[in-house]
Amino acid sequence: MSLADLTFDQWRTFELPTARRVAEEAAGLVGGRVILIETTEHIGAPLHHVRIERNGQEFALIPGGPVSLGFDLDRWQPTPQQAADYAESLEQGFGYGPDLRAHLAQVLSPRRSVVLATVLMAVKDENLTELPADMPAALAARGLRMPSPDEWEHACGAGADTLFRWGNDCPLDRIPYGDRTGSQNQLNAFGLRIAYDTYRTELTSDVTAVHGGDGGESVCGGYGHMLAWLPMATANRNPSMVEFVYGPDGEDLCEDFSTRPVLAL
């Protein structure tokens, strides 16, 4: 079996020696070396995360296969505190609908099933060195590519069906900027530093979505606590930020955006 065909479900059944063998095989395919294999608890079961170093950059193994992505609004209810916080934002003129559910329907990708290849993905996003349209060629020169939106969401959520990669809740007594105690500061289940700073805006191969943050718009705009955290929601495609990044105001910018390179196996 090709490593690219390894599935997330298979990966979760492996004992540590098998996971180590797969990690070494993956490192060999890309000319890298394994620098970490660690097992953590995730969604009620053990999950190995693997870190591979190649040319001075660290990558995590992201097993694919059939996975579910997006957010299922039909199975979700906001807490009274979340609903009240959004209502306050609405009174100030922010939000896309009469209630939080309506707002989320406008900004989150829908629940869906996809099949993904297993890849290596950069542990940290990196600032763009070229304009967005020129980044694919710049990455290809290093043997890399931009992730797809589906790859980004799967890498972020790691199989979790919650609003954020850490759960459905976020602190409503503070905004994420400057917060050093929240779950966003922890590596995710695959060992990625992802969806960690609302000022970070990660681009993928799809120009209709950006991920992980909104450039700080909601934070510095005083949108309210719930709306300040939502840009880091796993399925949030930040439509207002898309208009800026790929519109006339953002066409000459690159240093304010980032991407998360992918190594194919």
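Provided above is the structure to which this section pertains.
Residues numbered from 1 in each chain as written. Predicted model: local features only at pLDDT ≥ 70, side-chain atom pairs only at ≥ 80, totals over all residues. Heavy atoms only, no water.

Caption draft 1: The pairing of strand 2 (residues 45-54), seen in detail. Of all the 10 residues making up strand 2, 8 are buried; the element is thus mostly covered by neighbouring parts of the structure. Note that strand 1 (residues 33-42) and strand 2 share 9 bridges and pair antiparallel. Residue pairing across strands places Glu-38 opposite His-49, the latter belonging to strand 2. Adjacent in sequence and paired antiparallel, strand 1 and strand 2 are bridged by 2 residues, among which Ile-43 carries a positive phi angle near 50°. Pairing of strand 2 with strand 3 (residues 57-62), which is carried by 4 bridges, proceeds in the antiparallel orientation. In the sheet register, Arg-51 faces strand 3, and the bridge partner there is Ala-60. Hairpin connection, strand 2 to strand 3: the antiparallel pair is bridged by 2 residues, and Asn-55 has positive phi, about 55°. (Buried < 20%, exposed > 50% of the residue type's maximum accessible area, 1.4 Å probe, protein only. Helix = DSSP H or I, 4+ residues; strand = E, 2+ residues; numbered from the N terminus. Pairing = 2+ DSSP bridges.)

Caption draft 2: Representation of the sheet that holds strand 9 (residues 210-211) in the model. The 4 strands are arranged 7-10-8-9 in an open sheet whose pairing can be described as mixed. Either end of the sheet is taken by a strand with one partner, and the two such strands are strand 7 (126-127) and strand 9. When strand 8 (residues 202-203) meets strand 9, the two strands line up antiparallel, connected through 2 bridges. Note that in strand 9 the partner of Leu-203 across the bridge is Val-210.

Caption draft 3: Representation of the sheet that holds strand 11 (residues 262-264) in the model. Reading across from one edge, 1-2-3-6-11 is the order of the 5 strands in this open sheet, with antiparallel pairing throughout. Edge strands, defined here as strands with exactly one partner in the open sheet, are strand 1 and strand 11. Going from strand to strand, the sheet's axes swing by 30° on average, the running direction of each strand aside. With respect to the sheet, helix 2 (residues 16-30) is in contact with strand 1, strand 2, strand 3, strand 6 (119-122) and strand 11, its orientation differing from that of strand 1 by roughly 140°. Contacts between helix 6 (residues 149-157) and the sheet are confined to strand 1, strand 3, strand 6 and strand 11, with strand 6 contributing the most and set at about 75° to the helix. (Axes fitted to C-alpha atoms, helices over the stretch in contact; angles between N-to-C directions. Contact = heavy atoms within 4.5 Å.)

Caption draft 4: Representation of unusual backbone geometry within the structure. You will see that Ile-43, though not glycine, has its phi angle at about 50°, which is positive. In this structure, Ile-43 sits in the loop between strand 1 and strand 2. The backbone phi angle of Ala-195 is positive, close to 50°, even though this residue is not glycine.

Caption draft 5: Broad picture of the nonpolar core. Core analysis: the largest hydrophobic core is formed by 69 residues, its most contacted members being Trp-11, Ile-62, Leu-104, Leu-108, Leu-163, Leu-192 and Leu-230. Looking at which element gives the most residues to this core, the answer is helix 2, with 6 residues. What Ile-62 contacts, discounting residues up to four positions off in sequence, is Ala-117, Thr-118, Val-119, Met-121, His-154, Ala-155, Phe-190 and Leu-192. (Core = buried A, V, L, I, M, F, W, Y, C linked by side-chain atoms within 4.5 Å.)

Caption draft 6: Just helix 2, in detail. The end-to-end C-alpha distance of helix 2 is 21 Å, a good match for the 21 Å that 15 residues give at a rise of 1.5 Å each. Within the span of helix 2, buried status applies to Ala-19, Val-22, Ala-23, Ala-26, Ala-27 and Val-30. Axial view of helix 2: buried residues confined to an arc of 135°, hence all on one face. Turned more than 90 degrees away from the buried face of helix 2 sit Pro-17, Arg-21 and Gly-28, all of them exposed. Packing partners of the buried residues in helix 2 comprise helix 1 (8-11), strand 1, strand 2, strand 3, strand 6 and strand 11. (Expected span 1.5 Å × (residues − 1). Arc of directions from axis to C-beta.)

Caption draft 7: Summary view of the packing of aromatic side chains. Throughout the structure, instances matching the rule amount to 8 aromatic pairs. Arranged with centres 6.2 Å apart and planes meeting at 80°, the rings of Trp-166 and Trp-229 form a pair that is edge-to-face. Residue Trp-166 is found in the loop between helix 6 and strand 8, and its partner Trp-229 is found in helix 8 (residues 225-229); the two are separated by 63 residues along the sequence. Under the relative-accessibility criterion, Trp-229 is labelled buried at 0%. Plain terms: the ring middles of Tyr-177 and Tyr-199 are 5.1 Å apart, the flat faces sit at 55° to each other, and that makes the pair tilted. With Tyr-177 in the loop between helix 6 and strand 8 and Tyr-199 in the loop between helix 6 and strand 8, this pair connects stretches of sequence that are 22 residues apart. Overall, the relative accessible area of 53% leaves Tyr-177 in the exposed class. (Phe/Tyr/Trp six-rings, centres within 6.5 Å; stacked < 30°, edge-to-face > 60°.)

Caption draft 8: Quick peek at the pattern of salt bridges. A complete count under the given rule lists 14 salt bridges for this structure. The closest approach of N and O atoms between Glu-25 and Arg-21, which form a salt bridge, is 4.0 Å. In this pair, Glu-25 and Arg-21 both sit in helix 2, 4 residues apart, roughly one turn of the helix. Measuring nitrogen to oxygen at the nearest pair gives 3.7 Å for the salt bridge that ties Asp-125 to Arg-260. With Asp-125 in the loop between strand 6 and strand 7 and Arg-260 in the loop between strand 10 (258-259) and strand 11, this pair connects stretches of sequence that are 135 residues apart. Per residue, the accessibility class of Asp-125 equals that of Arg-260, and both read buried. Through salt bridges with shared partners, a single ionic network connects Arg-112, Asp-150, Glu-153 and Arg-237. (Salt bridge = Lys/Arg side-chain N within 4 Å of Asp/Glu carboxyl O.)

All quantities given are derived from atomic positions and should not be read as evidence of function.
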